[in-house]
Amino acid sequence: MASKEELFELLKDGVINYKEEQVKEAAQQAVDEGFVALEMIMDGLAAGMEVVGELYEKHEYFVPEVLMCADALYLGLDILRPHVPKSDAGAVAQVVIGSIQGDVHDIGKNLVKMMFDVAGWEVYDLGRDVPLENFVEEQLRTDAEVVAMSAMMTTTMLGMKKVIKMIKDKNPDVAIMLGGAPVTQDVANLFGADGYAESAGNAVAEGIKMIGRLREFEKKKEG
Ligand code: B12
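Here the structure is a predicted model, which means the values were calculated and not measured. Each chain carries its own residue numbering, running from 1 in the written order of its sequence. Local features in this predicted model are restricted to residues of pLDDT 70 or higher, and side-chain atom pairs are both shown and tallied only at a pLDDT of 80 or more, whereas totals for entire chains, interfaces and linings draw on every residue.

1. Considerations on the overall build of the protein chain
Along the protein chain, the regular secondary structure elements total nine helices and five strands. When the helices and strands of the protein chain are read in sequence order from the N terminus, they spell out α-α-α-α-β-α-β-α-β-α-β-α-β-α. Within these notes, the globule rule equals 2.2 Å times the number of residues to the 0.38 power, and the radius of gyration is based on C-alpha atoms. Here the C-alpha atoms of the protein chain give a radius of gyration of 18 Å, agreeing with the 17 Å that 2.2 N^0.38 yields for 223 residues. Judged by the C-alpha coordinates and their principal axes, the protein chain covers about 60 × 40 × 25 Å. Going through the 223 residues of the protein chain one by one, you find that 39% of them count as buried. Each helix corresponds to a stretch of at least 4 residues labelled H or I by DSSP, and each strand to a stretch of at least 2 residues labelled E; elements are numbered beginning at the N terminus. Labels follow a simple rule on C-beta atoms placed from the backbone: if 20 or more others lie within 10 Å of a residue's own, it is buried; if 12 or fewer, it is exposed; otherwise it is partly exposed.

Next up, the structure:
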């Protein structure tokens, strides 16, 4: 029987060195032994992907390696994801999510999506490289309280500012949350967003805070 720490390491190492079999076996073992699936995802798979990011930045890894690492991560996620218990609080709120136009990075966005999903939110995932106006259209179609956008590049990040303006012009009561590696709290403020979270782990809490602030504001308007 492997310990929790050993399984974290096997998952992390499996993602970094794109050892698909190792990731699948470790994920299955974690499930069989009843370890907390979400911890395995965050401290094993996602932690491995963070190291992959560093290797890519040091030019030790290039696009093909990174894609193989992502494949290994997704294989592990397929096994672990169904074992993350869903909150039974019912549909807490609705969120439209996507990676902004020009940006094909979606690993982080998919983790954030999963967090909303297990927290019982209704999630409308637009995918990646999402045309700016699609965020506006999907929000209007679904009447979601929250729109969450991910950008991983400084260039694509600018599109988020446009979407915020487009959405707020049509519907000022929507709470907009930003995230992704180049985004900071300052950027989010500058762009006029209502929220920011630096990782998937605190995205849901931030979403709930945003909705809380929004409802307070509406009450004040009414009163
Ligand atoms: C994986 C990767 C790829 C993969 C993407 C696969 C996929 N399906 O996602 C591939 C190989 C396709 C790729 C391609 C490119 N990439 Co790339 N890529 C990366 C890499 C190595 C890791 C990103 C990642 O997945 N991290 C792991 C996840 C778990 O972390 P994360 O994404 O940061 O997400 C977390 C938080 O940011 C947050 N979060 C993310 N989104 C959101 C959203 C919300 C609402 C919230 C609240 C939170 C949140 O929560 C997440 C989980 O905790 C980064 C390097 C890095 N260090 O980030 C470069 C990087 C992002 N890529 C980069 C570049 C330049 C490219 C290319 C243009 C390269 C090229 N010349 O071909 C292309 C084209 C991309 C395009 N048009 O979109 C640059 C961007 C530079 C910049 N600042 O503008 C980076 C930073 C590398 C670098 N230093 O040069 N890439």
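Structure shown, so let's carry the discussion forward.
2. Describing the pairing of strand β3 (residues 146-150)
For a regular strand, the rule is simple: side chains alternate between the two faces of the sheet. With five of five residues buried, β3 lies mostly within the body of the structure. A two-sided burial pattern is seen for β3, the buried positions comprising Val-146, Ala-148 and Ser-150 on one face and Val-147 and Met-149 on the other. Examined bridge by bridge, strand β1 (residues 94-99) and β3 share five bridges and lie parallel to one another. Bridging across to β3, Val-95 finds its partner in Val-146. Of the strand pairs in this sheet, β3 and strand β4 (residues 175-179) are connected by five bridges, and their pairing is parallel. Paired with Val-147 across the strands is Ile-176, a residue of β4. Since β3 and β4 lie parallel, the crossover through helix α7 (residues 154-170) that links them has a hand, and here it is right-handed. At least two bridges found by DSSP between two strands are what make those strands a pair. A right-handed crossover is one whose linking path, passing over the helix from the first strand to the second, runs clockwise when the strands point away from the viewer.

3. Here we look at the sheet that holds β3
A sheet is described by the order of its strands in space; here five strands give the open sequence β2-β1-β3-β4-β5, paired in parallel fashion. Two strands close off the open sheet at either side, each with one partner strand: β2 (122-125) and β5 (195-196). Relative to the sheet, helix α5 (residues 107-118) contacts β1, β2, β3 and β4, its axis offset from that of β1 by approximately 170°. It is the C-beta atoms, placed from the backbone, that decide contacts: two residues are in contact if theirs lie within 7 Å. Here an axis means a line fitted to C-alpha atoms, over the contact stretch when the element is a helix, while the angle between two N-to-C directions is reported on a 0 to 180 degree scale.

4. Describing the site of the ligand
Using a C-beta atom placed from the backbone, a residue is scored as near a molecule or strand whenever that atom is within 6 Å of it. For the ligand, the set of nearby residues contains 38 residues, the closest of which are Gly-53, Gly-108, Ser-150, Met-153 and Gly-179. Counting only elements with at least two residues in the shell around the ligand, the list comes to α3 (37-57), α4 (63-80), α5, β3, α7 and β4. Of all the elements, α3 adds the most residues to the shell around the ligand, at seven residues. As a working rule, the residues Ala, Val, Leu, Ile, Met, Phe, Trp, Tyr, Cys and Pro are called nonpolar, Asp, Glu, Lys and Arg charged, and the rest polar, with Gly in that last group. Of the residues contributing to the shell around the ligand, the split by class is 23 nonpolar, ten polar and five charged. Just so you know, the domain bounds were taken from an automatic or database domain assignment. Both domain 1 (4-83) and domain 2 (94-222) contribute no fewer than three residues apiece to the shell around the ligand.

5. Structural notes on the nonpolar core
For this analysis, nonpolar core means a set of buried Ala, Val, Leu, Ile, Met, Phe, Trp, Tyr and Cys residues linked through C-beta atoms within 7 Å. Ranked by size, the top nonpolar core spans 64 residues in total, and within it Leu-11, Val-147 and Met-177 carry the most contacts. Formed jointly, this core draws a minimum of three residues from each of two domains, domain 1 (4-83) and domain 2 (94-222). Beyond its immediate chain neighbours, meaning those up to four positions away, Val-147 contacts Val-96, Phe-135, Gln-139, Ile-167, Val-174 and Ile-176.

6. A few points about helix α1 (residues 4-16)
Relative to the 18 Å expected for 13 residues at 1.5 Å per residue, α1 spans 18 Å between its end C-alpha atoms, a close match to the ideal helical length. When α1 is considered as a whole, its buried residues turn out to be Leu-7, Phe-8, Leu-10, Leu-11, Lys-12, Gly-14, Val-15 and Ile-16. On the buried face of α1, the contacting elements are α2 (20-32), α3 and α4. Positive phi appears at Tyr-18, one or two residues downstream of α1, with a value of about 35°. A helix is expected to span 1.5 Å for every residue after the first.

7. Some details on the packing of α1 against α4
At their nearest, the axes of α1 and α4 sit 7 Å apart, and the two run at 145° to each other. Of the residues in α4, those touching α1 at Leu-11, Gly-14, Val-15 and Ile-16 are Cys-69, Ala-72, Leu-73 and Gly-76.

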